[in-house]
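# Secondary and tertiary structure notes
Listed here are the chains, written in short residue letters.
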2 protein chains.
Amino acid sequence: MRIIVCGMGVVGQSFLRLLISNSSLLYKNYGIKPRVVACMDSKGIAYSQTGLDMERVLRVKEKYGEVSKYSESIFKTDNYIENIDAEVLLELTPTNLTTAEPGLSHVISGLRTKKNVITVNKGPLALSFSSLVELSEYNNVMLRFSGTVGGGTPVLDFAKHCLKGDRITSFTGILNGTTNYILTKMADGLLFREALQDAKEKGYAEANPSLDIDGDDAAAKLVIMANWIMGYKVTLNDVDKTGITNIDQEEIIKAAKERKSLKLIAKCDKENLFVRPIPISKDDPICVNGTLNAVTFQSEHSGAQTIIGKGAGGIETASSVLRDLIEIKENFTNYQLN
Amino acid sequence: MRIIVCGMGVVGQSFLRLLISNSSLLYKNYGIKPRVVACMDSKGIAYSQTGLDMERVLRVKEKYGEVSKYSESIFKTDNYIENIDAEVLLELTPTNLTTAEPGLSHVISGLRTKKNVITVNKGPLALSFSSLVELSEYNNVMLRFSGTVGGGTPVLDFAKHCLKGDRITSFTGILNGTTNYILTKMADGLLFREALQDAKEKGYAEANPSLDIDGDDAAAKLVIMANWIMGYKVTLNDVDKTGITNIDQEEIIKAAKERKSLKLIAKCDKENLFVRPIPISKDDPICVNGTLNAVTFQSEHSGAQTIIGKGAGGIETASSVLRDLIEIKENFTNYQLN
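Residues numbered from 1 in each chain as written. Chains lettered and ligands numbered in written order. Predicted model: local features only at pLDDT ≥ 70, side-chain atom pairs only at ≥ 80, totals over all residues. Heavy atoms only, no water.

Looking at an unreviewed UniProt entry, one finds chain A named homoserine dehydrogenase and attributed to Candidatus Nitrosocosmicus arcticus. The Sequence similarities (unreviewed entry) comment attached to chain A in UniProt states, word for word, "Belongs to the homoserine dehydrogenase family." (UniProt positions renumbered as here; feature names shortened; annotations may be inferred.)

### As for the overall build of chain A
Secondary structure summary: chain A contains 12 helices and 12 strands in total. A globule of 338 residues ought to have a C-alpha radius of gyration of about 20 Å, and chain A, at 21 Å, matches this closely. Along the three orthogonal principal directions, the C-alpha set of chain A runs to about 65 × 45 × 35 Å. Looking at chain A alone, contacts between residues at least 24 apart form 69% of all its contacts between residues at least 6 apart. The centroid of the 39 positive side-chain charges in chain A is displaced by 4 Å from the centroid of its 40 negative side-chain charges. (Helix = DSSP H or I, 4+ residues; strand = E, 2+ residues; numbered from the N terminus. Rg over C-alpha atoms; globule rule 2.2 N^0.38 Å. Contact = heavy atoms within 4.5 Å. Lys, Arg positive; Asp, Glu negative; His and termini not counted. Charge placed at Lys NZ, Arg CZ, Asp CG, Glu CD.)

### Thoughts on the sheet that holds strand β3 (residues 44-47) of chain A
Residues and elements named next belong to chain A. Pairing is mixed across the open sheet formed by six strands, whose spatial order is β3-β2-β1-β4-β5-β6. The sheet terminates laterally at β3 and β6 (143-144), the two strands that pair on one side only. Two strands pair when backbone bridges link them, and strand β1 (residues 2-6) and strand β2 (residues 35-41) are joined in this way by five bridges, in the parallel orientation. Within β2, the residue paired with Arg2 across the bridge is Arg35. (Pairing = 2+ DSSP bridges.)

### Some remarks on the packing of aromatic side chains
On inspection of all chains with the given rule, the structure shows 11 aromatic pairs over all chains. Across the ring face of Tyr27 of chain A, the terminal group of Lys33 of chain A is positioned such that the distance to the ring centre comes to 5.1 Å. Positioned above the aromatic ring of Phe274 of chain B is the side chain of Arg276 of chain B, whose terminal nitrogen or guanidinium carbon lies 3.8 Å from the ring centre. (Phe/Tyr/Trp six-rings, centres within 6.5 Å; stacked < 30°, edge-to-face > 60°. Lys NZ or Arg CZ within 6 Å of the ring centre and 35° of its normal.)

### Concerning the interface of chain A and chain B
Contacts between the two partners involve 34 residues from chain A and, on the opposite side, 34 residues from chain B. Interface of chain A and chain B: buried area, both sides summed, is about 2700 Å²; carbon and sulfur atoms make up 60% of it. Of all residues in chain A, Cys162, Lys164 and His301 of chain A bury the most surface against chain B, accounting for 23% of the area lost on that side. Linking chain A with chain B are two salt bridges, by the criterion used here. A salt bridge links Glu330 of chain A to Lys164 of chain B; the nearest nitrogen and oxygen atoms lie 2.8 Å apart. Among the secondary structure elements, those contributing two or more residues to the side of chain A that touches chain B are α1 (10-30), α6 (155-161), β12 (303-310) and α12 (314-331) of chain A. When its residues are assigned to classes, the side of chain A that touches chain B shows 14 nonpolar, 12 polar and eight charged. Looking at chain direction, β12 of chain A and strand β12 (residues 303-310) of chain B are connected through five bridges and run antiparallel. (Buried area = accessible area lost by both parts, 1.4 Å probe. Salt bridge = Lys/Arg side-chain N within 4 Å of Asp/Glu carboxyl O. Nonpolar A, V, L, I, M, F, W, Y, C, P; charged D, E, K, R; others polar.)

### Remarks on the relation of the copies chain A and chain B
Note on the identical chains: chain A maps onto chain B by a rotation of 180° and an axial translation of 0.0 Å, with an RMSD of 0.0 Å. Such a combination of turn and shift is consistent with a two-fold rotation axis. Residues of chain A ranked by C-alpha distance from the rotation axis are headed by Ile307 of chain A, positioned 2.3 Å from it. (Least-squares fit on C-alpha atoms with pLDDT ≥ 70 in both.)

### Quick notes on the domain arrangement of chain A
Residues and elements named next belong to chain A. Here chain A is described as being made up of domain 1 (2-152 + 315-331) and domain 2 (155-311). Computed from C-alpha coordinates alone, the two centres of domain 1 and domain 2 are separated by 28 Å. Counting residues at the interface gives 19 residues for domain 1 and 21 residues for domain 2. Summing both sides of the interface, domain 1 and domain 2 together bury roughly 1700 Å²; the carbon and sulfur share of this comes to 66%. Among the residues of domain 1 in contact with domain 2, Leu97, Phe129 and Val149 are the three that bury the most area, contributing 32% of the side total. (Domains from an automatic or database assignment.)

### Let's talk about the pattern of salt bridges
Counted according to the given criterion, the structure contains 33 salt bridges over all chains. With a closest N to O distance of 3.3 Å, Lys122 of chain B and Asp217 of chain B form a salt bridge. Linking Lys122 of chain B in helix α6 (residues 122-138) with Asp217 of chain B in helix α11 (residues 216-230), this pair joins segments that are 95 residues apart in sequence. Like Asp217 of chain B, Lys122 of chain B is buried. Between Asp240 of chain B and Arg276 of chain B there is a salt bridge, and its shortest N-O distance comes to 3.0 Å. With a gap of 36 residues between them, Asp240 of chain B in strand β8 (residues 240-241) and Arg276 of chain B in strand β10 (residues 273-281) connect regions that are remote in the sequence. Of the residues examined, Asp240 of chain B reaches a relative accessible area of 42% and is grouped as partly exposed. What you see here is one network of salt bridges that share partners, running through Arg144, Asp157, Arg323, Asp324 and Glu327 of chain A. (Buried < 20%, exposed > 50% of the residue type's maximum accessible area, 1.4 Å probe, protein only.)

### Here's the deal with the state of the cysteines
Summed over the entire model, instances satisfying the criterion amount to zero disulfides over all chains. You can see Cys6 of chain B has no disulfide; the closest cysteine sulfur is in Cys39 of chain B, sitting 9.4 Å from it. Cysteine Cys162 of chain B remains unbridged, with the sulfur of Cys162 of chain A as its closest cysteine sulfur at 3.6 Å. (Disulfide = S-S within 2.5 Å.)

Printed below as a string of structure tokens:
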């Protein structure tokens, strides 16, 4: 199975490490012999049609900060993704919720040249879900994106595979760990700016935290879930969105008096598609603290079911990419992928 | 797909209702045309090789309390299960954790005559897990038991299907709703006998509640999970088990002072296989209240993940039987099951 890795940040590097440490297991349990033929970062590309030495790619990336130093001869071609032969493209570049680039072009290039695509980048799906799914179906390849929601926690898989014969009628979730951490700290007595500063120091919030605190990240995940699980056709613009920047201490104290916690809640049902701060009963299973994510699915017969886990993390998200890879392999056993 | 239903209590009746209300959906989405050829309760059997009128079976059961009044001619044969042609046997009789009967004989009869078996009865699996799995493999049929753990909450499916490529290293859970309800009420200030009485009045506890309060029900579920998820070969006797009958109010008050709640915890890891009351931090996602069940799986790469839901209920458990039925159908599409 030949793989192109686009994006060599924390997830990309964690994924290579996972492949290295699990290679014999992957072959034994799933018949997968992965061969990473290309790795790209923002500065260039490392390429070998017979398969890159993954340990060396990691060492080069660590030493020089760019993978193109992998070999002396510079690999030159336009449209890398289209022109390199591979069965699977991994799109692991950073999320951009305005243009979705460069991820969107990568995903389209991959699908158009009949590569199965795994993305953990929320941008392309939050802005163009339906057309990308259509493109993958037209080209008879798979588009998988388990890591876009919940990091390593299999929220999408759970909804899609564990409730067969039932019908999910709505879901409610805490989909962003950074804001949940900030709100947890505010419930402990910190002011918003103190809690934000704390989150930055712990590495939970970016230098520019607006994607998180304005609710965009949660809204993007909500859009992906609404499309994939509920069969809606919505984009980011359809979400009624309020972030957490204007919350004051009074609201949090008032919630606490009623045995509640203020949480940034994403909700999807027949009437609603929103992200906003809402007081949640402390007895509700989704009322989790710290950086945890939680989603409650309401289904027709089997009732309410909640899944809780870390919503981010390099190794966790890389494990979701590995899950998608296994699923692609299992669905294409009639092809010769090895 | 011809089905024999053994046991016509709450789950059996709920299952028939689910089949009736979902018949067109089942055919459209999964190609399943269920035909219930026999229903058995403790007093007799209703039988029709061309398929029973399920609405009438339900009316007869409600009116007479026994399904054998379905037709005037009494169906007579020994070894019903072996002698009736069917692709699937549902074992829905009450759990017996001493002899596992009559469920164990039913399951064995079904597997031996090459019927796929779905059981929600914990007894046979808690006492003979390995040999039943072996028997099903020998006869090349499926043995499914989603409803034995978590009721409608897909705890087993989650562990088996949603964490591919990863490895579960341990799990910790609240597996019995009755005891969790009693402990929740005790944390509110009731004495054990008052809380038990309350649970009985609400229908959460049986007249003879020993299976629940002595920890046997949780231990049986622990055994099923340890075998199925972790690949252990254990039975009920291997569980180190303590129930909740000897808890006194002091322990509960002490736990509360440390922001903890006393919970009946089932745990499985390399060293441990136990059921016992343990104080759990209120910040821990598995610290759920009321009749809820919760399980946290610790896995190698994707971290800790918790799944929470109602652990019982007729319609919920029936929905898990339906899930198993769909999985059997999907795994046997090369056979002619309709």
